[in-house]
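Each chain, written out:
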Amino acid sequence: MKASLCLSFLLTFASKCASYLSNSGRLTLMPLMPVPSRLVWPDGYVYYRFAEDFPDEEKFAVKEVMAQIESKLKSDGGKSCIVFKNIEFAKGKMKDFVTIETGDMEVMYCEDSEVFPRLVIERLLNICTQNEKIIIFNQLVRLLGFEREQHSSNEEKGEEDHAQLQVEDVVEIARAFKCPLKSLTLVEYIQYTRKQCEMDMANLELVTGPPGRPGPLGRDGRPGLKGDAGRSGLPGFPGPHGFEGIPGVKGNTGDLGYPGRPGHTGDKGSPGLPGLRGPKGNYGDDGLPGFPGQKGERGQCSSHDDCN
């Protein structure tokens, strides 16, 4: 089921449809127990070599399908979940690898039921290519440990679509090998799961049951956050004139002010008008006797008789 995907944020979405999704995946992981029926590739590295008699012109077709699988399984960091490595170019001695050989198309050994025991026990993968990518793709998927449905539920897809990984196949392989995927692939898978959920829900025959009992009243919600201040309103119309106010109460006497500055010296005034003549005064008291005067000089005699 798609809802069992270990990626946490996909679980939130896929779990809502887990009860309704049909098993629409095209890949089935073969079991390891009780009888091993698939190979295990640690860290996603798949080691192989071509048989000596494998046609050179068909090697290109096989490598092209390998590159397409690696590209589909890349993460955002550019690392692929599955990497096919030819042991001829790998460093060190490889213990586990498979030999890719070619066979007879008329026998259809590529699709024989004994392909898995031969792959696991003899480490041989038969690809009856004749440059048919669909056969190459099916055998490489088996090499990864998956069995692929021969007829997809989506009939309108052509042979070219069947010869490459779809988004649901990519997620199945990533789950098995526990590796990250591109964010865009995960978004596509969410959309695919939602579409499958809607299709399955549309096919369900829903029967409306009797209404259930009313549930208990819920708790009061928390107070909402304070809203933003509203915009200023339009100016209002002028109001009517108010009534005349009552006379105010007499205020207290204020404090004395500070002395003023000295004023400038005024200009000299004009002469005043002469005053009126006053009344005649009373006679005054007799004055004190004066001092004796000085003795006068001797006079000259000229006409008197005694002078001669």
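Quick note: structure is the one above.
Throughout what follows, the structure given in this document is the object of discussion. (Residues numbered from 1 in each chain as written. Predicted model: local features only at pLDDT ≥ 70, side-chain atom pairs only at ≥ 80, totals over all residues. Heavy atoms only, no water.)

A look at helix H4 (residues 133-143)
Just so we agree on the cut-off: To sort residues, take the accessible area from a 1.4 Å probe on protein chains only and compare it with the maximum for the residue type: under 20% means buried, over 50% means exposed, and anything in between is partly exposed. A run of H or I in DSSP counts as a helix once it spans at least four residues, and a run of E counts as a strand once it spans at least two, with each numbered from the N terminus.
Counting buried positions along H4 gives ten out of eleven residues, so the element sits mostly inside the fold. Taken as a whole, H4 has its buried residues at Ile134, Ile135, Ile136, Phe137, Asn138, Gln139, Leu140, Val141, Arg142 and Leu143. Looking one or two residues beyond H4, the residue adopting positive phi is glycine 145, at roughly 105°.

Observations regarding the packing of aromatic side chains
Rule in force here: A pair of Phe, Tyr and Trp rings is counted when the ring centres sit within 6.5 Å of each other, with Trp represented by its six-membered ring. The angle between the planes then sorts it: under 30 degrees is stacked, over 60 is edge-to-face, the rest tilted.
Within this structure, the stated rule accounts for three aromatic pairs. Ring centres of phenylalanine 50 and phenylalanine 54 lie 5.0 Å apart, and the angle between their planes is 40°; this geometry places the pair in the tilted category. The same class applies to phenylalanine 50 and to phenylalanine 54, which are both buried. In this structure an aromatic cluster arises from ring pairing among Tyr48, Phe50 and Phe54.

Remarks on the pairing of strand S4 (residues 98-101)
The two faces of the sheet receive side chains in turn, since in a regular strand these alternate between them. The line we're drawing: For two strands to be treated as a pair, DSSP must find at least two bridges joining them.
Alternating positions in S4 separate into two faces, Val98 and Ile100 on one and Thr99 and Glu101 on the other, with burial throughout. For S4 and strand S5 (residues 124-126), the ladder comprises three bridges, and the chain directions are parallel. Bridge pairing in S5 links threonine 99 to leucine 124.

Section: the environment of threonine 99
Put simply, the test is: Two residues qualify as a contact provided that any one of their heavy atoms is within 4.5 Å of a heavy atom in the partner residue. Distance and chemistry together define a polar contact, namely a pair of N or O atoms within 3.5 Å, with one atom able to donate a hydrogen and the other to accept it when in protein, and with adjacent residues in sequence counting only for side-chain atoms on both sides.
Inspection of the secondary structure puts threonine 99 in strand S4. Separated by 51 residues in the primary sequence, threonine 99 and tyrosine 48 place their C-alpha atoms 5.7 Å from one another. The residues contacting threonine 99, other than those within four sequence positions of it, are Arg49, Phe50, Ala51, Arg123, Leu124 and Leu125. A polar side-chain atom of threonine 99 sits 3.3 Å from a polar atom in the side chain of arginine 49.

What about unusual backbone geometry?
Unusually for a residue other than glycine, aspartate 43 sits at a positive phi of about 60°. Structurally, the position occupied by aspartate 43 is in the loop between strand S1 (27-29) and strand S2 (45-50). Although it is not a glycine, lysine 178 adopts a positive phi angle of roughly 55°. Looking at the secondary structure, you find lysine 178 in the loop between helix H6 (167-177) and helix H7 (183-203).

What about helix H2 (residues 56-72)?
Given 3.6 residues to a turn, an α-helix orients residues that are three or four positions apart in the same direction. What counts is decided by this rule: What a helix should span is 1.5 Å times the count of its residues minus one. Directions drawn from the helix axis to the C-beta atoms are what define this arc.
Compared with the 24 Å implied by 1.5 Å per residue over 17 residues, the 25 Å span of H2 between its first and last C-alpha is a close match. Buried within H2 are the following residues: Glu58, Ala61, Val62, Val65, Met66, Gln68 and Ile69. Taken around the axis of H2, the buried residues stretch over an arc of 155°, which confines them to a single face. Counted as exposed and oriented over 90 degrees from the buried face of H2: Asp56, Glu57 and Phe60. Contacts from the buried residues of H2 go to S2, strand S3 (83-86), S4 and H4.

Description of the sheet that holds S3
Worth spelling out the cut-off: Interaxial angle, 0 to 180 degrees, is taken between N-to-C directions of lines fitted to C-alpha atoms, where a helix line uses only the stretch in contact.
Read across the sheet, four strands follow the order S3-S2-S4-S5 without closing on themselves; strand pairing throughout is parallel. Each edge of the open sheet is held by one strand with a lone partner, namely S3 and S5. With direction set aside, neighbouring strand axes in the sheet form an average angle of 35°. Along the sheet, H2 makes contact with S2, S3 and S4, crossing S2 at roughly 175°. Against the sheet, H4 engages S2, S3, S4 and S5, with an angle of about 160° to S5.

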